[in-house]
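Examination of the molecular architecture
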Amino acid sequence: MNSKSNTGPRPAGANEQDNQPPPDASKPIETSLNGTAGAIEHPGTAGTKDDFENVYLEHRARVFSTAYRFVRCRADAEDITQDVFIKVYRKRNEFRGDAALSTWIYRITVNTALDYLRRRKRRPTVPLDDVNEPSAGSTNLTSLIESMIPLLPEGYRKVFVLHDIEGLKHNEIGEVLGITDGASKSQLHRARAALRKMLTPIVKGKL
Amino acid sequence: MSRGSCDADAPESAGTAGGKERTTDHFSDETLSAFLDGDLDARDSTGIESHLRECTSCREALQELTAIRRAAAGLATIEPAPETWVRIRERVAAPPRRLLGWTWAGAAAAAAVLLVVAVLGRAFVGAGHGPRAPEARLREAAVTAGTISPTREAADAGLDEQYREYLAGVEAAISEIERALAENPSNPRVRRAYAGAQDARNRSFDLLVAGGR
């Protein structure tokens, strides 16, 4: 699965004084949930970098980005990210290594994000400070696409985010979503077609 | 980006290239997207390539789908805020202690209220009442026993409130223990607490329905 450079804005109102520094992402990490029993039972003990923390370091950006693509709200994506890693920790004994850890975490992320949206009984919110409003004058296709993802039907959205943005292969998406490779491909092509249809009146002739 | 007609030299007839969908003179966006990803077999791909050489509209559509794919791949991965890890760590560390604390507090409260209900139930049995509505029998028992109020209205209010509090305490305890059980299914202390809370709930219903018999 791909990885991209990680830079991102922070939510407004973050209290710097009350926060401990984040884990150091520059240090080498290993993807393991069961390597050090003592550490995983007591995550984040002072000064140690345990397995759970390593898992967080390796997957935090993907989890947060994926959640954000679904909900288009940084505060909600933060909540979802917390919930995802809490589930990862509490269900760590259910992970048997049949699939890649990243696949398992993606599955939890997608389900948590969708549950979040269903609980709220709303369409994804688009806070004013988060959005590049589509307009006839805008030619930033990346921003336009990002703002239109929440408008896609759920099935299209899931596959489009995982394939075209997160870079998963169709067989990996099949494992995450519990669908066939063919279904994943079909949803993806429909998603792109839907996006093109939505983009047509905005960026006609500018792509 | 609109779908106009094909160029003058475009194929006139509608049809298929290897069975792939064409709308009148053009291929669908879904088919072109599949072509873009190399998901089509050789026969279909050859047919589309041939068509694209002649059809400006389909070439534009393919270019736009390519641009969409490229732009999506260029969306930056976003980092969560630094305090997210701090909150996760706090939540991971906190729940077991909090849940167990709740469990014992809830069990203690439930036991205390259970005692009240049991006393009222015994008083009711001693009074020898017949089979009436359970709530009415308990209320009357309370009045007879003189434990709450000599007036029927006050007895109603007092018993109802006490019973509601009792059940709420038991149900809250059971909910918390169930959550603790989900995380520690083999913990004997949690399992015993769960059994005790279930028993307390069953006894409360027995008291309510059978008047303590």
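Rules of the game
- Residues numbered from 1 in each chain as written.
- Chains lettered and ligands numbered in written order.
- Predicted model: local features only at pLDDT ≥ 70, side-chain atom pairs only at ≥ 80, totals over all residues.
- Heavy atoms only, no water.
- Helix = DSSP H or I, 4+ residues; strand = E, 2+ residues; numbered from the N terminus.
- Buried < 20%, exposed > 50% of the residue type's maximum accessible area, 1.4 Å probe, protein only.
- Contact = heavy atoms within 4.5 Å.
- Areas by Shrake-Rupley, 256 points an atom, 1.4 Å probe, with all protein chains shown as cover.
- Salt bridge = Lys/Arg side-chain N within 4 Å of Asp/Glu carboxyl O.
- Expected span 1.5 Å × (residues − 1).
- Axes fitted to C-alpha atoms, helices over the stretch in contact; angles between N-to-C directions.
- Parallel < 35°, antiparallel > 145°, perpendicular 65-115°, else oblique.
- Left-handed = near helix turned anticlockwise from the far one by under 90°.
- Nonpolar A, V, L, I, M, F, W, Y, C, P; charged D, E, K, R; others polar.
- Phe/Tyr/Trp six-rings, centres within 6.5 Å; stacked < 30°, edge-to-face > 60°.

Turning our eyes to something else, we now look at the overall build of chain B. Secondary structure summary: chain B contains 8 helices and 2 strands in total. Along chain B, helices and strands appear, N-terminal first, in the series β-β-α-α-α-α-α-α-α-α. In chain B, which comprises 213 residues, the proportion classed as buried is 43%. Restricting the contact set of chain B to residue pairs at least 6 apart, pairs at least 24 apart contribute 57%. Carbon and sulfur atoms make up 54% of the accessible area of chain B, which totals about 10700 Å².

Helix and strand content of chain A: 8 helices and 0 strands. Moving toward the C terminus, one meets the helices and strands of chain A in the order α-α-α-α-α-α-α-α. Within the span of chain A, comprising 207 residues, buried residues form 50% of the whole. A sequence separation of at least 24 residues applies to 71% of the contacts in chain A between residues at least 6 apart. When the accessible area of chain A is evaluated, it comes to approximately 9800 Å², of which 47% is carbon and sulfur surface.

Our next topic: unusual backbone geometry. Across residues other than glycine, the phi torsion is negative in most instances, and most of the peptide bonds are trans. All names here are of chain A. Despite not being glycine, Arg72 has its phi angle at roughly 55°, a positive value. Along the chain, Arg72 falls in the loop between α2 (51-71) and α3 (74-90). For Arg72, a relative accessible area of 1% gives the class buried.

Right, let's talk about the pattern of salt bridges for a bit. Overall, the coordinates contain 13 salt bridges over all chains when judged by the stated rule. Across the pair Asp83 of chain A and Arg91 of chain B runs a salt bridge, and its minimum N-O distance is 3.1 Å. Taken together, the residues span two chains, with Asp83 of chain A in helix α3 and Arg91 of chain B in helix α4 (residues 83-93). Overall, Arg91 of chain B belongs to the partly exposed group, its relative accessible area being 32%. One continuous salt-bridge network, built from bridges that share partners, spans Asp115, Arg118, Glu154 and Lys158 of chain A.

Turning our eyes to something else, we now look at helix α1 (residues 29-37) of chain B. In terms of burial, α1 of chain B is a largely internal element, 7 of the 9 residues being buried. The inward-facing, buried residues of α1 of chain B abut α8 (181-199) of chain A together with β2 (26-27), α2 (42-52) and α3 (56-73) of chain B. Just downstream of α1 of chain B, Gly38 of chain B is the residue with a positive phi angle, here 75°.

Here α8 of chain A contains 19 residues, and its C-alpha end-to-end distance of 27 Å stays within 8% of the 27 Å for a straight helix at 1.5 Å per residue. Where α8 of chain A is buried, its residues contact α5 (141-148), α6 (154-165) and α7 (170-177) of chain A together with α1 and α3 of chain B.

Okay, the packing of α8 of chain A against α1 of chain B next. Packed helices, taken two at a time, are described by the angle between their axes plus the distance between the axes. Where α8 of chain A contacts α1 of chain B, the axes come no closer than 8 Å and their chain directions differ by 120°. One finds that α8 of chain A runs oblique with respect to α1 of chain B. For the element pair α8 of chain A and α1 of chain B, the recorded crossing hand is right-handed. Residue-level inspection shows Leu188, His189, Arg190, Arg192, Ala193 and Arg196 of chain A of α8 of chain A in contact with α1 of chain B, the latter providing Asp29, Glu30, Ser33, Ala34, Leu36 and Asp37 of chain B. Here the residues of the contact of α8 of chain A with α1 of chain B sort into 4 nonpolar, 2 polar and 6 charged.

Further remarks concern the packing of aromatic side chains. Applying the stated criterion across every chain, the model contains 5 aromatic pairs over all chains. Relative to Trp85 of chain B, the ring of Phe52 of chain A lies with its centre 5.6 Å away and its plane at 45°, an arrangement referred to as tilted. Here Phe52 of chain A is found in helix α2, whereas its partner Trp85 of chain B is found in helix α4 on a different chain. Assigned by exposure class, Phe52 of chain A and Trp85 of chain B land together as buried. Every member of this aromatic cluster is reached through a ring pair, and the members are Phe52, Tyr56, Phe85 and Tyr89 of chain A together with Trp85 of chain B.

Turning next to the packing of helix α4 (residues 101-120) of chain A against α7 of chain A. Residue and element names in this part refer to chain A. Look at α4 against α7: their axes get within 8 Å of each other, and the N-to-C directions meet at 55°. The angle between α4 and α7 falls in the class oblique. You can see that α4 and α7 cross each other, and the crossing is right-handed. Within the contact between the two elements, α4 uses Thr103, Tyr106, Arg107 and Val110 and α7 uses Glu172, Glu175, Val176 and Leu177. Looking at side-chain class alone, the contact of α4 with α7 contains 4 nonpolar, 1 polar and 3 charged residues.

Note that every value here comes from positions in space, so none of it alone points to a role or purpose.
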